[in-house]
Amino acid sequence: MSSSAAKKVAAAPVRACTVSRDVQNFDLLIEDMEMELGEAWGDLTFAFAMKYLDQPDARELEFLAIALDDEDAGNMAQIEAIIQRARGLDIEVILIAEELGPIVLHRLLRLGASDFVPYPLPEGALHDAIGRMRQASTAVAVPPGAAGGQMQSAMGGKKGSVLAVHPLAGGAGATTFAVNLAWELANAGGDDAPSVCLLDFDLQTGSVSTYLDMARTERVFELLSNTAVMDRDFFLSTLQCHNEKLHVLTAAADMLPLDMITPDDIERVLNMARANFDFVVVDMPGTVVQWTETVLTAADSYFAMMELDMRSAQNALSLIRTLKAEELPMDGLRYVLNRAPKFTDLAGKARAKRMAESLDISFEVMLPDGTAQVTQANDHGMPLAQIAPKNPLLKELRKLAQAIVEARRNAARIAA
Ligand SMILES: Nc1ncnc2c1ncn2[C@@H]1O[C@H](COP(=O)(O)OP(=O)(O)O)[C@@H](O)[C@H]1O
Ligand SMILES: [Mg+2]
């Protein structure tokens, strides 16, 4: 498109504008804008955008598509001002970002940008973002409670159990536990097996994707930064699937700052997952974060993963103190001892007993060492069941999964 900003803008009615250093750098955006809006859009430079927003015409705008790349780092103050001004005028903002770091993006989203799409634009991505934006703005207009039935179909109708796993020392085996428990649940009961979703909330060092040989995608970041407008399709299409049975939300492609995600974000994702699956398994980070409480409160079981060593003991002690001090719920807490001593290892068993007594806890689950096969399965990106069907760790996890499925069925029977 050759028209200058001013000329194009003057040819109103304009329903949307791109804002960028030079829109010619984003030719896929030009194509998509034309597809969505025909001639009813204009392009603005950063410098001109503020002036345009001050004109009465700007009141008619539905949205700005602000396109940025790494060369715009120096324009951030200007860009932030444009977003704030637009939001003040009730104009939506969609970010189109090429190679922009997650921290910058996060700041812009927090300032009120409603959505973010990576550039080069994936097929249909701008169309979907506009759809989500419109849905979100009409969603706000619906009075609460008026759309009960509709709301449920937009979410999904299930009421899944939440099982979270929190390592009390790095390498204690939490992710191995989460991945293999999730797989065993998804295979418990043959054709009648429950549906299972595994959420990797270890935002920075998440390794579920490695253990199941999946890519960490941009879409996860998009989802986590837009949970307010997340619908069922958006959520389900962000999940990846292992062997058509286990649905997984991996960690995002970039390391996300842990405080980027709020308790509200986590609650929305958990609720969405529960509404669509029988079981939701959550792999937690080893640190206590502002949304630990959110997961703890939602969890039917919150497994604290330990080993028979001083680090695990000390971290268990400080976790228990934190939970008590903040009066957080502890009913769902289940202590798991990984690489537990063998039946014949009397000295080891005595040590485990002393550790439990000194912490005033009991180990509800004891998992044996599964030998080097465990790390091999993880490195091959496969659940243990697919690589080492006779593994002792697998046997224990399968028993646990069957007991959990059984308990849920009994509870459903009693409730019916
Ligand atoms: N019971 C076990 N037997 C043998 N190896 C294990 C066992 N549990 C975990 N591992 C291995 O220990 C390492 C760390 O496990 P991981 O699940 O990533 O821990 P975390 O998520 O707690 O940091 C991995 O290499 C894994 O294969
Ligand atoms: Mg882990």
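Each value, and the rule that gives it
Position labels on residues start from 1 in each chain and follow its written sequence. Whichever chain is written first is A, and whichever ligand is written first is 1; the rest continue in order. Where local features are concerned, this predicted model is filtered to residues with pLDDT of at least 70; where side-chain atom pairs are given and counted, the filter is 80 or more; whole-chain, interface and lining totals use all residues. Values reported for side chains reflect all heavy atoms of the structure, with hydrogen atoms and water molecules removed beforehand. Pairing of aromatic rings covers Phe, Tyr and the six-membered ring of Trp, with a centre-to-centre limit of 6.5 Å; geometry is then stacked below 30 degrees between planes, edge-to-face above 60, and tilted otherwise. Secondary structure elements follow DSSP: runs of H or I no shorter than four residues count as helices, runs of E no shorter than two count as strands, and numbering proceeds from the N terminus. Exposure classes here rest on a 1.4 Å probe applied to the protein chains alone. A residue is buried below 20% of its type maximum, exposed above 50%, and partly exposed in between. For a ring to carry a charge above it, either NZ of a lysine or CZ of an arginine must fall within 6 Å of the ring centroid while also lying within 35 degrees of the normal to the ring plane. Note on definitions: a residue-residue contact is assigned when non-hydrogen atoms from the two residues lie within 4.5 Å. Every case where a carboxyl oxygen of Asp or Glu lies within 4 Å of a side-chain nitrogen of Lys or Arg is listed as a salt bridge. Only protein atoms enter the 1 Å grid used here. Points where a 1.4 Å probe fits but cannot escape make up a cavity, open sets with protein on both sides within 12 Å along at least five of seven lines make up a pocket, and a residue lines them when an atom lies within 4 Å of a point. Grid points are joined across faces, edges and corners, and a volume is the space filled by probe spheres set on the points. Nonpolar residues are Ala, Val, Leu, Ile, Met, Phe, Trp, Tyr, Cys and Pro. Charged residues are Asp, Glu, Lys and Arg, and all others, Gly as well, are polar. These domain boundaries are the output of an automatic or database domain assignment. For every element, the axis is a line fit to its C-alpha atoms; helices are fit only across the contacting stretch, and the angle between N-to-C directions ranges from 0 to 180 degrees. Should an angle fall under 35 degrees it is called roughly parallel, over 145 degrees roughly antiparallel, and 65 to 115 degrees roughly perpendicular, with every other angle called oblique. The hand of a helix crossing depends on one turn: near helix anticlockwise from the far one by less than a right angle means left-handed, and clockwise means right-handed. Paired strands, as defined in this entry, are two strands with at least two bridges between them according to DSSP. By disulfide we mean two sulfur atoms from cysteines, separated by a distance within 2.5 Å.

Peer 1: Sorry, what's going on with the packing of aromatic side chains here?
Peer 2: One pair of aromatic rings is described through two measures. These are the centre distance and the angle between the planes. This structure, assessed with the given rule, holds four aromatic pairs. For the pair F177 and F303, a centre-to-centre distance of 5.1 Å together with 65° between the ring planes defines the contact as edge-to-face. Of this pair, F177 sits in helix α8 (residues 174-186) while F303 sits in strand β11 (residues 301-306), and the two are 126 residues apart along the sequence. As far as the burial class goes, F177 and F303 line up, both buried. R132 extends its terminal NZ or CZ atom over the ring of F234, reaching a point 4.2 Å from the ring centre. Here the basic side chain of K349 rests over the ring of F343, its NZ or CZ set 4.3 Å away from the ring centre.

Peer 1: Honestly, the environment of L256 in this entry has me stumped. Any pointers?
Peer 2: Here L256 is to be found in the loop between β9 (246-249) and α12 (263-276). Discounting chain neighbours no more than four positions away, the residues touching L256 are P102, L203, Q204, F221, L224 and I261.

Peer 1: I would appreciate a short explanation of the pattern of salt bridges in the present structure.
Peer 2: Pairing between side chains becomes possible if they bear opposite charge and their charged atoms approach one another. All chains considered together, the criterion is met by 18 salt bridges. Across the pair K158 and D278 runs a salt bridge, and its minimum N-O distance is 3.3 Å. Here K158, found in the loop between α7 (148-155) and β6 (161-167), pairs with D278, found in the loop between α12 and β10 (279-283); they are 120 residues apart in sequence, far enough to count as distant. What makes K158 partly exposed here is its relative accessible area of 39%. The exposure class of D278 is buried, given its relative accessible area of 16%. Each of R21, D69, E71 and D72 takes part in salt bridges that share partners, so that together they form one network.

Peer 1: Before we go on, may I ask you to explain empty space enclosed by the protein in this structure?
Peer 2: Over the atoms a probe the size of a water molecule is rolled, and this reveals where empty space is left. Evaluated as defined, the whole model comprises two cavities of 30 Å³ or more. Looking at the largest cavity, its volume works out to about 50 Å³. Every residue lining the largest cavity is listed: H106, L109, R110, L224, S225, M260, I261 and D265. The greatest single-element share of the lining of the largest cavity, amounting to three residues, is contributed by helix α5 (residues 102-110). Among the residues making up the lining of the largest cavity, the classes are represented as four nonpolar, two polar and two charged. Each of two domains, domain 1 (7-141) and domain 2 (161-415), supplies a minimum of three residues to the lining of the largest cavity. If you add up the space inside the second largest cavity, you get close to 40 Å³. Around the second largest cavity, the lining residues are G173, T176, F177, M305, N338, L367, L393 and L397.

Peer 1: What is the right way to look at the packing of α8 against helix α18 (residues 392-415) in this model?
Peer 2: Helices that pack against each other are described as a pair by the angle of their axes relative to one another and the distance between those axes. Axis separation between α8 and α18 bottoms out at 9 Å; the angle between their running directions is 55°. Looking at the two axes, α8 sits oblique to α18. Between α8 and α18 lies a crossing whose hand is right-handed. Across from T176, F177, N180, L181, E184 and L185 in α8, the residues of α18 making contact are L393, L394, L397, R398, L400, A401, I404 and V405. Residues of the contact of α8 with α18, tallied by class, amount to 10 nonpolar, two polar and two charged.

Peer 1: I keep staring at the side chain of S312 and nothing clicks. Help me out?
Peer 2: Here S312 lies in helix α14 (residues 310-325). Accessibility expressed as a relative area gives 0% for S312, which makes it buried. Once residues within four sequence positions are removed from consideration, S312 is found in contact with L168, A169, M306, E307 and M355.

Peer 1: I'm lost on the sheet that holds strand β13 (residues 363-366) in this one. Help?
Peer 2: If you walk across this open sheet you meet the eight strands as β8-β9-β7-β10-β6-β11-β12-β13, and the pairing is mixed. Whereas interior strands pair on both sides, the edge strands pair on one side only; in this sheet they are β8 (240-242) and β13. Averaged over all adjacent pairs, the angle separating strand axes in this sheet is 25°, with direction ignored. Both strand β7 (residues 196-200) and β10 contribute to a ladder of five bridges, which runs parallel. Along β10, the bridge assignment pairs V196 with F279. Sitting on the sheet, helix α15 (residues 346-359) touches β11, β12 (333-337) and β13, and the angle it makes with β13 is about 150°.

Peer 1: What is the right way to read the state of the cysteines from this model?
Peer 2: Linking two cysteines covalently through their sulfur atoms gives a disulfide. Under the counting rule described, the total for this entry stands at zero disulfides. With no disulfide of its own, C197 lies 10 Å from the sulfur of C241, the closest cysteine sulfur. Classification of C197 by relative accessible area gives buried; the value is 0%. By relative accessible area, C241 is classed as partly exposed at 38%.

Peer 1: Looking at this structure, how should I read the sheet that holds strand β3 (residues 63-69)?
Peer 2: The strands that make up a sheet are held in pairs by hydrogen bonds between backbone atoms, and each pair lies either parallel or antiparallel. A sheet is described by the order of its strands in space; here five strands give the open sequence β2-β1-β3-β4-β5, paired in parallel fashion. Of all strands in the sheet, those bounded by a partner on one side alone are β2 (41-44) and β5 (115-118). Neighbour-to-neighbour, the strand axes of this sheet turn through a mean angle of 20°, independent of strand direction. As defined by bridge partners, strand β4 (residues 92-98) adjoins β5 across four bridges and the pair is classed as parallel. Paired with I96 across the bridge in β5 is V117. Each of β3, β4 and β5 is contacted by α5, which is oriented at about 175° to β4, the strand it contacts most.

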